[in-house]
Amino acid sequence: MPDPPEHYYASTPGVASSRRTIEVELPDLRLRLRLLTDTGVFSHRQLDPGTRVLLENAPLPAVRGDLLDLGCGYGPIALAMAHRLKRRRVWAVDVNERALELVRDNAAAAGLGGVRAALPGDVPADVRFAAVYSNPPIRVGKAALHELLLQWLPLLLPGGAAYLVVQRNLGADSLARWLDEAGFPTARLLSRVGYRVLEVQPRRSE
Ligand SMILES: C[S@@+](CC[C@H](N)C(=O)[O-])C[C@H]1O[C@@H](n2cnc3c(N)ncnc32)[C@H](O)[C@@H]1O
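Just so it is clear, the structure is predicted and the values come from calculations on it, not from any experiment. (Residues numbered from 1 in each chain as written. Predicted model: local features only at pLDDT ≥ 70, side-chain atom pairs only at ≥ 80, totals over all residues. Heavy atoms only, no water.)

1. What about the overall build of the protein?
Defined as follows: For the purposes of this entry, the term helix denotes a DSSP run of H or I that reaches at least four residues, the term strand denotes a run of E that reaches at least two, and both are numbered from the N terminus. Note on classification: 1.4 Å probe, protein chains only; a residue is buried when its accessible area is under 20% of the maximum for its type, exposed when over 50%, partly exposed between these limits. Should any heavy atoms of two residues lie within 4.5 Å, those residues are counted as being in contact. Only the protein chains shown count as cover for residues, with accessible areas throughout obtained via the Shrake-Rupley method and a probe of 1.4 Å. Note that His is not counted, nor are the chain ends; the positive residues are Lys and Arg, and the negative ones are Asp and Glu. For the purpose of locating charges, the reference atoms are NZ of Lys, CZ of Arg, CG of Asp and CD of Glu.
The helix and strand tally for the protein stands at 5 helices and 9 strands. Starting at the N terminus and walking to the C terminus, you meet the elements of the protein as β-β-α-β-α-β-α-β-β-α-β-α-β-β. Seen through its principal axes, the protein has C-alpha atoms that stretch 50 × 45 × 35 Å. With 206 residues in all, the protein has 50% of them scored as buried. A fraction of 68% describes how many contacts in the protein between residues 6 or more apart in sequence connect residues 24 or more apart. Split by element, the accessible area of the protein, about 10,300 Å² in all, is 49% carbon and sulfur. Charge centroids of the protein, computed over 26 positive and 22 negative side chains, lie 6 Å from each other.

2. What about the pattern of salt bridges?
Two side chains carrying opposite charge are able to pair once their charged atoms lie near each other. In plain terms, the rule: Each reported salt bridge corresponds to a side-chain nitrogen of Lys or Arg within 4 Å of a carboxyl oxygen of Asp or Glu.
Applying the stated criterion to the full structure yields 10 salt bridges. One salt bridge in this structure joins Arg34 and Glu23, with 3.1 Å as the shortest N-O distance. Placement of Arg34 in strand β2 (residues 33-37) and of Glu23 in strand β1 (residues 20-24) is noted, with a sequence separation of 11 residues between them. Owing to a relative accessible area of 56%, Arg34 belongs among the exposed residues under this scheme.

3. With respect to the packing of aromatic side chains
Operational definition: Ring pairs are drawn from Phe, Tyr and Trp, using the six-membered ring of Trp, whenever the two centres fall within 6.5 Å, and their geometry is named by plane angle: stacked under 30 degrees, edge-to-face over 60, tilted for the rest.
Scanning the model with the defined rule gives 2 aromatic pairs in all. When the ring of Phe129 is compared with that of Trp152, the centres are 6.2 Å apart and the planes differ by 50°; the resulting orientation is tilted. Here the residue Phe129 occupies a position in strand β6 (residues 129-134), and Trp152 occupies one in helix α4 (residues 142-152), the gap between them amounting to 23 residues. Each member of the pair Phe129 and Trp152 is classed as buried. With a centroid separation of 5.6 Å and 20° between ring planes, the pair formed by Tyr133 and Tyr163 is classed as stacked. Here Tyr133, found in strand β6, pairs with Tyr163, found in strand β7 (residues 156-167); they are 30 residues apart in sequence, far enough to count as distant. For Tyr133, a relative accessible area of 2% translates into the label buried.

4. Comments concerning the packing of α4 against helix α5 (residues 172-181)
Defined as follows: Inter-axis angles, ranging from 0 to 180 degrees, are taken between N-to-C directions of lines fitted to C-alpha atoms, where helices are fitted over the stretch in contact. Each angle is binned into one of four classes, with values under 35 degrees roughly parallel, values over 145 roughly antiparallel, values of 65 to 115 roughly perpendicular, and all other values oblique. By the definition used in this description, the sense in which the near helix is turned from the far one sets the handedness, with an anticlockwise turn below a right angle giving left-handed and a clockwise turn giving right-handed.
Look at α4 against α5: their axes get within 12 Å of each other, and the N-to-C directions meet at 45°. One element, α4, and the other, α5, form an angle in the oblique class. Our pair here, α4 against α5, has a crossing hand that is right-handed. Each of Leu145, His146, Leu149 and Leu150 in α4 lies in contact with α5, whose residues at this interface are Leu175, Trp178 and Leu179.

5. Some remarks on the site of the ligand
Defined as follows: Any residue with at least one heavy atom within 4 Å of a molecule or strand is counted as near it. Two N or O atoms form a polar contact when they lie within 3.5 Å of each other; inside protein one atom must be a possible hydrogen donor and the other a possible acceptor, and for residues adjacent in sequence the pair counts only when both atoms belong to side chains.
The immediate surroundings of the ligand are formed by 17 residues, with Thr51, Gly71, Cys72, Asp94 and Asn135 found nearest. Taking Gly71, its main chain carries an N or O atom lying 2.8 Å from a nitrogen atom of the ligand. In the environment of the ligand, a nitrogen atom lies 3.3 Å from a nitrogen or oxygen atom belonging to the backbone of Cys72. For the ligand, whose free accessible area comes to 600 Å², the fraction covered by protein is 93%.

6. Observations concerning the UniProt feature "domain: Methyltransferase small" (unreviewed entry) in the protein
Filter applied, for reference: UniProt positions are given in the numbering used here, feature names are shortened, and annotations may be inferred rather than shown by experiment.
The feature "domain: Methyltransferase small" (unreviewed entry), as given by UniProt, occupies residues 33-182 in the numbering adopted here. Helix makes up 35% of residues 33-182 and strand 24%. Its end C-alpha atoms lie 37 Å apart.

7. Quick look at the side chain of His44
Mapped onto the elements of the fold, His44 is located in the loop between β2 and α1 (49-57). If sequence neighbours within four positions are ignored, His44 has contacts with Arg20, Ile22, Thr37, Asp38 and Thr39.

8. Some points on the pairing of strand β5 (residues 115-118)
In plain terms, the rule: Strand pairing follows a simple DSSP-based rule, namely that at least 2 bridges must link the two strands.
With 4 bridges connecting them, strand β4 (residues 90-93) and β5 associate as parallel partners. Bridge pairing in β5 links Val90 to Val115.

9. Looking at the environment of Leu36
With respect to the secondary-structure elements, Leu36 resides in strand β2. Owing to a relative accessible area of 22%, Leu36 belongs among the partly exposed residues under this scheme. Spatially, the C-alpha atoms of Leu36 and Leu102 are 6.2 Å apart, while their sequence positions differ by 66 residues. With residues near it in sequence (within four places) discarded, Leu36 still touches Arg19, Arg20, Thr21, Tyr74, Leu102, Asp105 and Asn106.

Spelled out as structure tokens, the structure:
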């Protein structure tokens, strides 16, 4: 039997678990986030710089409704948004089960009952999103990334938006063009330290 894959988007990481706590400070939050991370989970040693750019710059949702952290990892985006918007339900979705366990433990430790950590197939079919925040899994390859976005972006509510942070040198501009051609009006919200934050609107009606 081959060893299980060790990349961070495996459903069960092959590397042994070794949890640690990291602290994350965001300018608008009065408390420091204390977040459990683990090996086998994306950027487990420190908050990813792209995620920081997203969290410090993406606006709050313009309409009411649930939020989605697509590809949540240990949950820095979901947890920060849940602190900011305590009454909202925040879906934290990932294929990595170790990551989902961390999100559950992080939300419980922070007393954030609105966070729902779920595998993609476990989100009820009728859920729609006021906003999607994502540092998407670029490393899965273009075809899988496009498929992922085509699965979740159609679930945006009217007036909602998705905010995606992507490294400029990992194809942020071509992703923006592809989204636009796929019918989702996309604009570059900002460009900072090698990252772009894309703002994606719900699909244009035909
Ligand atoms: C770049 S990481 C971002 C993690 C976390 N949001 C952060 O900012 O630290 C992308 C995440 O997407 C997850 N992922 C990969 N394929 C996925 C899929 N098909 N559906 C949901 N999540 C996926 C990976 O497991 C990984 O945790």
